[in-house]
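One-letter residues, chain by chain:
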Amino acid sequence: MPTGGSTSGARTTVRIVVVGDRGTGKSSLIAAAAAETFRQEVPPVLPPTRLPADYYPDNVPIVIIDTSSSLENRGRLAEELKRADAVVLTYACDQPSTLNRLSSFWLHELRRLEIKAPVIVAGCKLDRRTEEYNLSIEMVPLMQQFREIETCIECSAANMLQIQEVFYFAQKAVLHPTAPLFDQETQTLRPRCMRALKRIFVLCDHDMDGVLNDDELNEFQVKCFNAPLQPAEIVGVKRVVQEKLPEGVSELGLTLTGFLFLHALFIEKGRIETTWTVLRKFGYSDELKLRDDYLSIPNKKAPDQSVELTSEAVEFLKGVFSTFDDDKDGVLRESELEDLFSTAPESPWVEAPYKDAVGRTPLRGISLSGFLSEWALMTSLDPAQSIANLIYIGYHCNAASALHITRRRLADRKKQQTERNVFQCFVFGPKNAGKSALLMSLLGRPFSENYVPTTTEQYIVNVVDRRMGNKKTLILREVPEDGVKKLLSNKESLAACDVAVFVYDSSSEYSLKGATELLSYVARQGEESGFGMPSLLIAAKNDLGSNPTVNKDSAKVCLDMGIDAPIPVSVKERDLNDVFSRIVNAAEHPHLSIPETELGRSQKRYRQLVNRALMCISVGAAATFVGLAAYRAYAARKNASS
């Protein structure tokens, strides 16, 4: 496969910083590259030097920064290195001590400064070397110790030998980096690269027979390199693969194994730009994720709007689930789920907040309901990640057909109804109130006597059956008591909250006091931000016995704040009192059960008084205007008659 015209990502320039000991030929190297001829006299340190876009095939201009190695310039040197896209580290071929200084000082100094840019080691003044020298014997151990070194090359400005190659390799290391694609130590493709190439293979396998036939190979070639393959070239490609890896080619064409082998071969042969061209043509960034411009995420939404999957996207996911459920038992095993996401950069649900957010079988399998719930959670929390993963697993339509932006919650409150199918409920409460137990009960998990304080937020999501067979997805977001202040420091934090519950231990006056304080604090934040939400008190641990004082005080709190009476539950005895259906019901009526603080109530009365006063003034002004108009009409008639 010819490389054709390679792409270089979104970069508009490459900044290369040249460093090394004094007298190693830094300035002469730069001057020779810029002038394309050797200059006998050059300044000790050159000003920034620009190589034009057409200097190299990638059509990206280069800015080269010369540096001084003197002690007084160390601060500026560090600043330049931190801005570098690539570093050229020089030694003098006729001064062995400068070569030793690479490992004894310079490479360690780059690590100390935490320079992540690729390094090109350049031996200058090759024309002055008088003895036999084997470059690989010296450089292989150095490159093994310092993996940031991309390549080593020796050059001569005086003889104009391999001068252009130095900066070509530096630019190439930036535009077509090796590290994301290939593990130099194991000499294998990196997992994320393999997953991206697998997705590309699947997209190009139009007849879905597991191989790329000649027509599919040719179409792939034209898409990536704007040039077709001749029949003899296709035969040649397959012969190369078959000689090295027999299973890479079948009688029908190139297999996935062969496709991956071919790209590993390109990289080993120094043609990494070929693989990068393919990846970028299919929308991948340098991090091997789809670029933002490739995802077409919907326009910005208001803070109190949410994002849900459309019915079209849900039907697609149901089909994907069925396809990967090999044994058709209605559950995806971990291996089947990994296979499903094998064309994504990684499985998106292996870490918080998704890892334990849905119910799983004892062997970590996931049902269709749990599968769709995970997608609902990801779409609600991170729509961009959701649409990206939809595309990774084969969704071909645009984001507009996959994502639905709901109406603003403020508008829902005015209309006194909502059309949302996914509700997010914030779960507040003091320590040891029973918040986590409530979350686990949404998944039907058994009650545990072991108390483990929650230190970070956690999410649980499941489908709640409603009347008439209606189903809603409920997301519970537990907010630790110590995390409430941090959460509410963001004035828009409650915008995503459709309903809030405040959990307390129904046997403890202290627990009720903590829940009441949290309720007042959150309610006040809602009043100030305009993102107030329906709220419920949940009297947990009802199995511990009734506390008359707690019962009386909690009823008074609800009455004073204008919310429904507390809901008693016992997770331990599995007496949940239909709590999740009641939470959903509260979210479905966004205008009801919104708590009011005393301050909020006073401000509301004040606004009403002001509005009435303004209305009276308006009515009075209108009456005065009408009276004045009538008088003027009367006066005009009187003057006319006289």
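An unreviewed UniProt entry lists the protein under the name Mitochondrial Rho GTPase, with Sesamum alatum given as the organism. Note on the protein: under the UniProt heading Sequence similarities (unreviewed entry), the record states "Belongs to the mitochondrial Rho GTPase family." If you open the UniProt record of the protein and go to Subcellular location (unreviewed entry), you find "Mitochondrion outer membrane".

Enquirer: How do you make sense of the pairing of strand 5 (residues 119–124) when you look at a structure like this?
Expert: The side chains of a regular strand alternate, residue by residue, between the two faces of the sheet. Within strand 5, six of the six residues are buried, which leaves it mostly tucked inside the rest of the structure. Burial of the side chains of strand 5 extends over both faces: V119, V121 and G123 are buried on one face and I120, A122 and C124 on the other. Here strand 4 (residues 86–92) runs beside strand 5; their pairing, made up of six bridges, is parallel. Bridge assignment links V88 to a residue of strand 5, and that residue is I120. Where the polypeptide runs from strand 4 across helix 3 (residues 96–112) and back to strand 5, its parallel neighbour, the crossover connection is right-handed. Relative to strand 6 (residues 149–154), strand 5 runs parallel, the two being bridged by five bridges. Across the sheet, the residue bridging to V121 is C152, located in strand 6. With helix 4 (residues 135–145) bridging strand 5 and its parallel neighbour strand 6, the resulting β-α-β unit is right-handed.

Enquirer: So what exactly am I meant to see when it comes to the nonpolar core here?
Expert: One recurring pattern in soluble globular proteins: nonpolar side chains tend to sit buried together. I200, L279, W349, F371 and W375 are the most contacted members of the largest nonpolar core, which totals 71 residues. Among all residues touching L279, those that are not within four sequence positions of it are L181, A196, L197, I200, Y284 and L288. If you look at the next biggest cluster of nonpolar residues, it comprises 30 residues, including L29, I30, A33 and L46.

Enquirer: So what exactly am I meant to see when it comes to the packing of aromatic side chains here?
Expert: The geometry of an aromatic ring pair comes down to the distance between the two centres and the angle between the two planes. Following the criterion strictly, the structure yields 15 aromatic pairs and no others. By way of ring pairs, the aromatic residues F321, F341, W349, F371 and W375 are connected into one cluster. When the ring centre of F426 is taken as origin, the NZ or CZ atom of R477, which lies over that ring, is 4.6 Å away.

Enquirer: How do you make sense of the layout of surface pockets when you look at a structure like this?
Expert: Which parts of space are left empty comes out when a probe the size of a water molecule is rolled across the atoms. The space that makes up the largest pocket amounts to roughly 780 Å³. In terms of lining, the largest pocket is formed by 36 residues, of which the most central are G434, S436, A437, N450 and Y451. Put simply, the parts of the chain that give the lining of the largest pocket at least two residues each are helix 18 (435–442) and strand 19 (535–540). With six residues, helix 18 is the largest single contributor of residues to the lining of the largest pocket. Taken together, the residues of the lining of the largest pocket sort by class into 17 nonpolar, nine polar and 10 charged.

Enquirer: Would you take a moment to explain the packing of helix 14 (residues 368–381) against helix 15 (residues 383–392) for this structure?
Expert: A pair of packed helices can be characterised by two numbers: the angle between their axes and the separation between those axes. Direction vectors running N to C along helix 14 and helix 15 enclose 130 degrees, while the axes themselves pass 5 Å from each other. In terms of axis orientation, helix 14 runs oblique to helix 15. Only P383, Q385, S386, N389 and L390 of helix 15 make contact with helix 14, whose side of the interface consists of W375, M378, T379, S380 and L381. A class-by-class count of the residues in the contact of helix 14 with helix 15 yields five nonpolar, five polar and no charged.

Enquirer: Could you clarify how one ought to interpret empty space enclosed by the protein in this entry?
Expert: This structure, assessed with the given rule, holds one cavity of 30 Å³ or more. Every residue along the wall of the largest cavity is listed here: R409, D412, T418, R420, F423, D498, A587 and P590. When its residues are assigned to classes, the lining of the largest cavity shows three nonpolar, one polar and four charged.

Enquirer: How should I be thinking about the side chain of S535 in this particular structure?
Expert: With respect to the element layout, S535 can be found in strand 19. Given a relative accessible area of 1%, S535 falls into the buried group. At a separation of 3.2 Å, a polar atom in the side chain of S535 contacts the main-chain carbonyl oxygen of M533. Once residues within four sequence positions are removed from consideration, S535 is found in contact with A500, F502, L519, I563, S593 and P595.

Enquirer: Could you clarify how one ought to interpret the sheet that holds strand 19 in this entry?
Expert: Sheet strands pair by backbone hydrogen bonding; their relative direction is either parallel or antiparallel. Read from one edge of the open sheet, six strands run 16-17-15-18-19-20, paired in mixed fashion. The two strands at the open ends of the sheet, each matched to only one other strand, are strand 16 (458–465) and strand 20 (567–568). By the bridge criterion, eight bridges tie strand 16 to strand 17 (residues 471–478) in an arrangement that is antiparallel. By the bridge assignment for strand 17, D465 is matched with K471. Sitting on the sheet, helix 22 (residues 579–588) is in contact with strand 15 (422–428), strand 16, strand 17, strand 18 (499–505), strand 19 and strand 20, with an inclination near 100 degrees to strand 17.

Enquirer: Any chance you could explain the sheet that holds strand 6 here in plain terms?
Expert: The strand order 2-3-1-4-5-6 describes an open sheet built from six strands, whose pairing is mixed. Edge positions in the open sheet fall to strand 2 (49–51) and strand 6, since each of these has one partner strand only. Along the sheet, successive strands turn relative to each other by an average axial angle of 25 degrees, direction set aside. For strand 1 (residues 14–20) and strand 4, the ladder comprises five bridges, and the chain directions are parallel. By the bridge assignment for strand 4, V17 is matched with V87. In this fold helix 4 packs onto strand 4, strand 5 and strand 6, with an angle of close to 160 degrees to the strand it touches most, strand 6.

Each value, and the rule that gives it
Residues numbered from 1 in each chain as written. Predicted model: local features only at pLDDT ≥ 70, side-chain atom pairs only at ≥ 80, totals over all residues. Heavy atoms only, no water. UniProt positions renumbered as here; feature names shortened; annotations may be inferred. Buried < 20%, exposed > 50% of the residue type's maximum accessible area, 1.4 Å probe, protein only. Helix = DSSP H or I, 4+ residues; strand = E, 2+ residues; numbered from the N terminus. Pairing = 2+ DSSP bridges. Right-handed = clockwise from strand over helix to strand, strands pointing away. Core = buried A, V, L, I, M, F, W, Y, C linked by side-chain atoms within 4.5 Å. Contact = heavy atoms within 4.5 Å. Phe/Tyr/Trp six-rings, centres within 6.5 Å; stacked < 30°, edge-to-face > 60°. Lys NZ or Arg CZ within 6 Å of the ring centre and 35° of its normal. 1 Å grid on protein atoms, 1.4 Å probe; cavity = no way out; pocket = protein on both sides within 12 Å on 5 of 7 lines; lining within 4 Å. Points joined across faces, edges and corners; volume = space filled by probe spheres on them. Nonpolar A, V, L, I, M, F, W, Y, C, P; charged D, E, K, R; others polar. Axes fitted to C-alpha atoms, helices over the stretch in contact; angles between N-to-C directions. Parallel < 35°, antiparallel > 145°, perpendicular 65-115°, else oblique. Polar contact = N/O pair within 3.5 Å; in protein donor to acceptor, adjacent residues only side chain to side chain.

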